[in-house]
Structures are given as C-alpha cells and as structure tokens.
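Architecture and fold: a report
Below are the chains, spelled out letter by letter.
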Amino acid sequence: MSKVNKQEQIKERLSWDEYFLKIAGVVSSRSTCNRRNVGAVIVKNKVVLSTGYNGAPRGLPHCDDAGHEIVDGHCVRTVHGEANAIAQAARNGISIEGACLYLTHSPCYDCFKMIVNAGISEIKYSSFYMSRYEASKAVLTLAKKAGVKLQKI
C-alpha cells in the first residue's frame, strides 16, 4: 500500500469517541420503548465494559407490546439505557469506577445522579436531552459540582 493510500485510510478511520458513539447508536436499536431510543456504552481504557438501552424491567412486558405508562409526558415503564448499562455491569461484577459513559442522548437528572454514584467520571453524548428546562439545567450544574465531565460530541 502506498504512503498516500495509507494516509487516506487513516483519515477515514473513526476517532475513539465516534466509534463508541456509533456503538451506542447500534445499542439503541434494541430499545423496546419507541418514545425514545437510547443507547449507552460504558468504556474504560478503550474497552467496552457494558451496554444498555431503554426498555421494560427484565422479564416484564415492553412498552412496544403492552403500551406506555405516561406520567407528566414521560413513559415511566422503561428503565433508561444508562441505568441498564450500570445494572448490567453490576450483575456481572464489573467495576465502572472512573469509566466514560457514551450515550445517544444526554442523561436525565435522575440517571445523572445514579451515574455520579456509580463512579463514572465522564459522559459523552450525541444529542442533548431537554426534558424540562429546570431538570436539564440541574444536570449541567450537578456535573460541575460532582466533577463529572459532560461533553457533546
């Protein structure tokens, strides 16, 4: 392979952030709540530790099958993708302390608090989730206070 072709190939190669966000996008395709397809990938040292998508609790009917449970405009039947990724890591005995969480959408306020308690130090996401202005602003404020890096890619 010529040097020029090799350079062209390198230019086309995804960055690590793009790579993990694309994986999060694929994970989101497994979502079982069609109101919002969210994918989460927990990564440490460039290794995928866990994934999750939004859907009903394990073994229970999915929103797409049983219908949504809407409270204040949100489906409360689903477990969010980031919560499922954290739960999967816990079920498998995988430490996520200091890991980076890649998301298709930034976390809601409740998930963000769980992310902080799980020890995740960085969150990278594709699009900002605006649930309510106050809650979205609270995530940004809490991120600064907790020292969690929050970055839109």
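You'll find the structure just up there.
Note that the coordinates shown come from a computational prediction; the quantities given were computed from them, not determined experimentally.

**Considering the sheet that holds strand E1 (residues 39-44)**
Pairing between sheet strands relies on hydrogen bonds along the backbone, with the strands arranged either parallel or antiparallel. Read across the sheet, five strands follow the order E2-E1-E5-E6-E7 without closing on themselves; strand pairing throughout is mixed. The open sheet has two free edges, formed respectively by strand E2 (47-53) and strand E7 (149-152), since each of these has just one partner strand. Along the sheet, successive strands turn relative to each other by an average axial angle of 20°, direction set aside. In the sheet, E1 pairs with E2 via six bridges, with the strands oriented antiparallel. Its bridge partner lying in E2, Ala-40 is registered against Gly-52. Lying over the sheet, helix H4 (residues 81-91) contacts E1, E2 and strand E5 (100-105), oriented at roughly 130° with respect to E2.

**As for helix H2 (residues 16-28)**
End to end, H2 covers 18 Å across 13 residues, agreeing with the expected 18 Å (1.5 Å per residue, within 8%). Contact partners of the buried residues in H2: E1, E2, E5 and strand E6 (122-127).

**Some words on the packing of aromatic side chains**
How two aromatic rings sit relative to each other is given by the distance of their centres and the angle of their planes. The full count for this structure, using the stated rule, is four aromatic pairs. Their ring planes at 80° and their centres at 5.8 Å tell us that Trp-16 and Tyr-19 sit as a pair that is edge-to-face. Here Trp-16 pairs with Tyr-19, and both are found in helix H2, just three residues apart, close to one helical turn. Judged by its relative accessible area of 42%, Trp-16 falls in the partly exposed class. For Tyr-19, a relative accessible area of 39% corresponds to the partly exposed category.

**A short note on unusual backbone geometry**
Backbone geometry places Asn-45, a non-glycine residue, at a positive phi of 55°. Looking at the secondary structure, you find Asn-45 in the loop between E1 and E2. If you check the backbone angles, Lys-46 has positive phi at about 65° while not being a glycine. On the secondary structure map, Lys-46 appears in the loop between E1 and E2.

Thresholds applied
- All chains use their own residue numbering, which begins from 1 and follows the written sequence.
- In keeping with the model being predicted, local features are shown solely for residues with a pLDDT of at least 70 and side-chain atom pairs are shown and tallied solely at 80 or more, while totals for entire chains, interfaces and linings include all residues.
- Hydrogens and waters are ignored; side-chain quantities use all the structure's heavy atoms.
- One requirement defines pairing of two strands: DSSP has to find at least two bridges between them.
- In DSSP terms, a helix is any run of H or I states spanning at least four residues, a strand is any run of E spanning at least two, and both are numbered starting from the N terminus.
- Note on geometry: axes are C-alpha line fits, over the in-contact stretch for helices, and angles between N-to-C directions span 0 to 180 degrees.
- In this analysis, two residues are considered to be in contact whenever any of their non-hydrogen atoms come within 4.5 Å of each other.
- For a helix, the expected span equals 1.5 Å multiplied by the number of residues minus one.
- Aromatic contacts are taken between Phe, Tyr and Trp rings whose centres are within 6.5 Å, Trp giving its six-membered ring; a plane angle under 30 degrees counts as stacked, one over 60 as edge-to-face, and the others as tilted.
- The buried label applies to any residue whose accessible area, calculated with a 1.4 Å probe on protein chains only, is under 20% of its type's maximum; exposed applies above 50%, and partly exposed to all values in between.

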